[in-house]
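In case you want the letters, here they are:
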Amino acid sequence: MGKIARLENLNKHFDGLRAVKEVDMTIERGSVTGLVGPNGAGKTTLFNLISGFLPPSTGSIYFEGREITDWSVSRRVKAGITRTFQGSRVFSGLSVRENVVTGTYSAKNREASEEPVGDGIGSRIDWILKVTKLRKYEEFLARHLSYGYKRRLELAIAIATNPKLLLLDEPFSGTNTFDLQELTGLIKLLSHKGLTVVLVEHDLGSVASLADNLVHMDGGKVTIPNE
Ligand SMILES: Nc1ncnc2c1ncn2[C@@H]1O[C@H](COP(=O)(O)OP(=O)(O)O)[C@@H](O)[C@H]1O
Ligand SMILES: [Mg+2]
C-alpha cells in the first residue's frame, strides 16, 4: 500500500480564527479514512487545503511523494485529487450525462491504464451512471433533479475525473435518497478498485462501518490521529 498523501504541520487562519491547527496526517493508498468531529471542527477547511481551494497559512502537503502545497485546484485534479462539496455543485443547464462528461475533461492527461473500468470514455460514463443510479435520468437537465439526485450527480462527476484520492464532504447529509447502505456499497466498490477515500461526517455512526481508520478533529486540531 504505502502512503499516498501526507500533511505536515498544516495551519489555516482566518484573521484571528485558527480553523486548522498543526495538523499532521498520513493517508494510506487504498484506504478509507473517516474524518469526524463537531460542526466548526475544521474538517471542510482541511479539505479546502488538500484540494487547493484555499492556501494554508503554513505547513506542507505532499501527494505521491511530491510537494503540492502551491499547486492550483486543476493541477491537483489532473494529478488525481478530487473533492465534493457539502452542498451540491452541478451544471444546472447541462444534462445529467453531459455533467458526467465534464468530469472526464479534468482527467484527459492521465494514463489510460488508470481508468478504473471500461475500454473507453463512453463505457466509463455508462458505468458511472449505472453505479450512481442516474442512468434513467441521463437526458434530464440537472436543474430538474431533486437535491438528493444532484448530490448523486456531483459524486458521479467526481468519479468521472478518475481520482486517486477522493475527498467526500458529508455525502450522507441533506438527503435520504442516497441512503447509507447504497453509498457505503459504492465507496467500498471504488475502494476495492484502489481508490483512496477520505470521508467527512459529523455523525460517527455512518462512517464507522465503512472506514479503515478514523481521524477525529475538534477546534481545528486532530484530537485522535490515525497513527
Ligand atoms: N472562508 C472562511 N472564512 C472565515 N472563517 C471560516 C471560513 N471557512 C471556515 N471558517 C471557520 O473555520 C472554522 C471551521 O469551519 P469548517 O472547516 O467549515 O468546519 P467543519 O467542516 O468541521 O464544520 C469555523 O469556525 C468556521 O466558521
Ligand atoms: Mg464542514
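Before reading further, recall that the structure is shown in the block above.
Model, not experiment: these values are computed from the prediction.

Here is what the cut-offs are and how they apply
- Residues numbered from 1 in each chain as written.
- Chains lettered and ligands numbered in written order.
- Predicted model: local features only at pLDDT ≥ 70, side-chain atom pairs only at ≥ 80, totals over all residues.
- Pairing = 2+ DSSP bridges.
- Helix = DSSP H or I, 4+ residues; strand = E, 2+ residues; numbered from the N terminus.
- Contact = placed C-beta atoms within 7 Å.
- Axes fitted to C-alpha atoms, helices over the stretch in contact; angles between N-to-C directions.
- Near = placed C-beta within 6 Å.
- Nonpolar A, V, L, I, M, F, W, Y, C, P; charged D, E, K, R; others polar.
- Buried ≥ 20, exposed ≤ 12 C-beta atoms within 10 Å, placed from the backbone.
- Arc of directions from axis to C-beta.
- Core = buried A, V, L, I, M, F, W, Y, C linked by C-beta atoms within 7 Å.
- Left-handed = near helix turned anticlockwise from the far one by under 90°.

Draft legend 1. Spotlight on the sheet that holds strand β1 (residues 3-14). Sheet architecture is open: four strands sit in the order β2-β1-β4-β5, paired in antiparallel fashion. The open sheet terminates on both sides in strands that have one partner only, identified here as β2 (17-28) and β5 (66-67). Pairing between β1 and β2: eight bridges, direction antiparallel. Counterpart to Arg6 in the pairing with β2 is Thr26. Helix-sheet contacts for helix α1 (residues 43-51) involve β1, β2 and β4 (58-63), and the interaxial angle to β2 is about 60°.

Draft legend 2. Layout of the site of ligand 1. Contacts to ligand 1 come from Phe14, Leu17, Ala19, Gly37, Asn39, Gly40, Ala41, Gly42, Lys43, Thr44 and Thr45. Put simply, the parts of the chain that give the shell around ligand 1 at least two residues each are β2 and α1. The element that contributes the greatest number of residues to the shell around ligand 1 is α1, accounting for three residues. The residue inventory of the shell around ligand 1, partitioned by class, reads four nonpolar, six polar and one charged.

Draft legend 3. Up close: helix α3 (residues 96-106). Residues of α3 that are buried: Val96, Arg97, Asn99, Val100, Gly103 and Ser106. Projected down its long axis, α3 carries its buried residues within an arc of 160°, all on one side.

Draft legend 4. Molecular detail of the environment of Leu35. Inspection of the secondary structure puts Leu35 in strand β3 (residues 32-36). Here Leu35 is in contact with Lys43, Val198, Leu199, Val200, Val215 and Met217, once residues within four sequence places are set aside.

Draft legend 5. Quick peek at the nonpolar core. Core analysis: the largest hydrophobic core is formed by 55 residues, its most contacted members being Val100, Leu153, Ala156, Val197 and Leu199. Looking at which element gives the most residues to this core, the answer is helix α5 (residues 147-160), with eight residues.

Draft legend 6. Quick peek at the packing of α3 against α5. The N-to-C vectors of α3 and α5 enclose an angle of 35°; their axes lie 6 Å apart at closest approach. For α3 against α5, the interelement crossing comes out right-handed. Residues Val96, Asn99, Val100, Thr102, Gly103 and Thr104 of α3 form the contact with α5, whose participating residues are Leu153, Ala156, Ile157, Ala158 and Ala160. Within the contact of α3 with α5, the residues separate by chemical class into seven nonpolar, four polar and no charged.

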